[in-house]
Amino acid sequence: MSDIKPIHIIGGGLAGSEATWQAVSRGVPVVLHEMRPVRGTDAHKGDGLAELVCSNSFRSDEWRTNAVGLLHEEMRRAGSIIMAAADAHKLPAGGALAVDRDGFSDEVTKRLSTHPLVSLKREEISGLPPADWDSVIIATGPLTSPALSAVVLELTGENALAFFDAIAPIVHFESIDLDIAWRQSRYDKAGPGGTGADYINCPLDKVQYEAFIDALIGGEKTEFKEWEANTPYFDGCLPIEVMAERGRDTLRFGPMKPVGLSNPHRGGERPHAVVQLRQDNALGSLWNMVGFQTKLKYGAQADIFRMIPGLGDAQFARLGGLHRNTFLNSPRLIDPLLRLKADPRLRFAGQITGVEGYVESAAIGLLAGRFAAQERLGHSPLRPPETTALGALIEHITGGHLSADEEGRRSFQPMNINYGLLPEATTFETTAADGRRLKGKDKGFAKKRAVSERALRDLDAWLGQELGAAAE
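Keep in mind that what you see is a predicted model, and the values were worked out from it rather than measured. (Residues numbered from 1 in each chain as written. Predicted model: local features only at pLDDT ≥ 70, side-chain atom pairs only at ≥ 80, totals over all residues. Heavy atoms only, no water.)

On to the sheet that holds strand β17 (residues 343-348), then. Strand order in the open sheet formed by six strands is β6-β2-β1-β7-β17-β16, and the pairing between neighbours is mixed. Two strands close off the open sheet at either side, each with one partner strand: β6 (118-122) and β16 (339-340). Judged from the three bridges that link them, strand β1 (residues 7-10) and strand β7 (residues 136-138) form a sheet pairing that is parallel. Following the sheet pairing, His8 is matched in β7 by Val136. Running at roughly 135 degrees to β17, helix α5 (residues 146-156) makes contact with β1, β7, β16 and β17 of the sheet. On the sheet, helix α10 (residues 358-376) packs against β1, β7, β16 and β17 and is oriented at approximately 145 degrees with respect to β17. (Pairing = 2+ DSSP bridges. Helix = DSSP H or I, 4+ residues; strand = E, 2+ residues; numbered from the N terminus. Contact = heavy atoms within 4.5 Å. Axes fitted to C-alpha atoms, helices over the stretch in contact; angles between N-to-C directions.)

See below:
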């Protein structure tokens, strides 16, 4: 065993698992504290590490023109255990990277629990970590225990922000009527592990759509507890009925948009609106209703969702629900190396820092683990360049947030990775191969490609600097 003092990591979700892997891969031992199954949560179903609770999709895997795909590629190059497990257990999902939940979690759990430098302790850390834990990463995610949350808030003197993250229903495949629904990815696009026909599409005409919107708006909703009543939603994960209340066509331009799809049962016509289902497990027996997070009561959900053509006899393996998410005012509380300003021995990683999404959470875990390991080994941690997706994320949560404008103070809110967080490319292709000048979407794609290509060049240089510093 190593004689290097261990890093303590609290939380065995995606961020904590990734932070652990990054540290032990550098020869630094880790004590990983995971409270499940000693203390359960409302969202988790098992006690495996890196369990996926909201969706099985890591979103787009296209790195040239999609920011989350770029983040995937950067993490792969940085030796991410989360990306390695995702690639090993991917499912067909068009241009997205979706994974088999159980296989993914089992893979991460096995690799960490059998690593000689990992000590996995099933216990809840209910207060301030002991003083002799001089390097701690708190990666407790959106379901941080109340006791630990209270300690952090007392230490910082700040209030945490909170929002609701909604869970989409899952349908048994055999109950979907494929004489009405059909298989097709948007624009027939095939992604990793896919064929171009990776989604099941349920079409609605205008009359059916209008009736569906009425039912959503009028459906019986879950009543919030008093302490939940003023918790806002994150716009990237709004419940379906909240979107419907914002305007009758909101869903047609959101998760129910019909673009890139043609109904073979109706001579290839484009429907007025479409509900898409994405494969949820390796067997193909469970399908997730894409974008259908909800706070409708269970009885209302079953009745309303069976109004969707193709789902008239749907059997649900899981109905939708809600869980509460908590995150810090990171620009005020966390330094550029993810350390708590009030107590620098504590680092934070994952959703609690104010990033949104599985991949983004794991990415911050990757950085926290590397930073902590570098410090433990006596090196000065090197932040990734802001021109990379990794660097852009950490810049946003530690210093890039616009805290005020002409309308006054602005609150810090969760953020997915997007090209708006990266500096624009100064040079990019302006003409096509045939000499035609690029315009509109083609010009936009050219800009994104330039940003992505620069990001990977700069990432490789950063990784090389890290190796050089470690060798000194």
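Turning our attention to the packing of helix α1 (residues 14-24) against α10. Following both chains from N to C, one finds α1 and α10 inclined at 35 degrees, their axes separated by 7 Å at the closest point. The crossing of α1 and α10 is right-handed. Each of Leu14, Ala15, Glu18, Ala19, Gln22 and Ala23 in α1 lies in contact with α10, whose residues at this interface are Tyr358, Ser361, Ala362, Gly365, Leu366, Gly369, Arg370 and Ala373. Each residue belonging to the contact of α1 with α10 can be placed in one class, and the counts come to eight nonpolar, four polar and two charged. (Left-handed = near helix turned anticlockwise from the far one by under 90°. Nonpolar A, V, L, I, M, F, W, Y, C, P; charged D, E, K, R; others polar.)

Here we come to the sheet that holds strand β5 (residues 96-99). Taken in spatial order, the three strands line up as β3-β5-β4 in an open sheet, and their pairing is antiparallel. Strand pairing shows two members of the sheet lacking a second neighbour, β3 (57-60) and β4 (90-91), which therefore form its edges. One ladder, built from two bridges, connects β3 with β5; its direction is antiparallel. Among the inter-strand pairings, Ser57 is bridged to a residue of β5, identified as Ala98.

Attention shifts here to the nonpolar core. For soluble globular proteins, nonpolar side chains are generally found buried alongside one another. In this structure, Phe58 and Phe104 are the most contacted members of the largest nonpolar core, which totals 85 residues. Sequence-distant contacts of Phe104, that is, excluding residues within four places in its chain, are made with Leu14, Ala50, Leu52, Phe58, Ile82, Ala85, Ala86, His89 and Val99. Counting 33 residues, the second-largest nonpolar core is a separate cluster that includes Tyr209, Leu238, Ile240 and Leu251. (Core = buried A, V, L, I, M, F, W, Y, C linked by side-chain atoms within 4.5 Å. Buried < 20%, exposed > 50% of the residue type's maximum accessible area, 1.4 Å probe, protein only.)

Glancing now at unusual backbone geometry. Even without being glycine, Arg59 reaches a positive phi, approximately 70 degrees. With respect to the secondary-structure elements, Arg59 resides in strand β3. At Tyr187, a residue that is not glycine, the phi angle is positive and equals roughly 60 degrees. Looking at the element boundaries, Tyr187 is found in the loop between β10 (182-183) and β11 (199-204).

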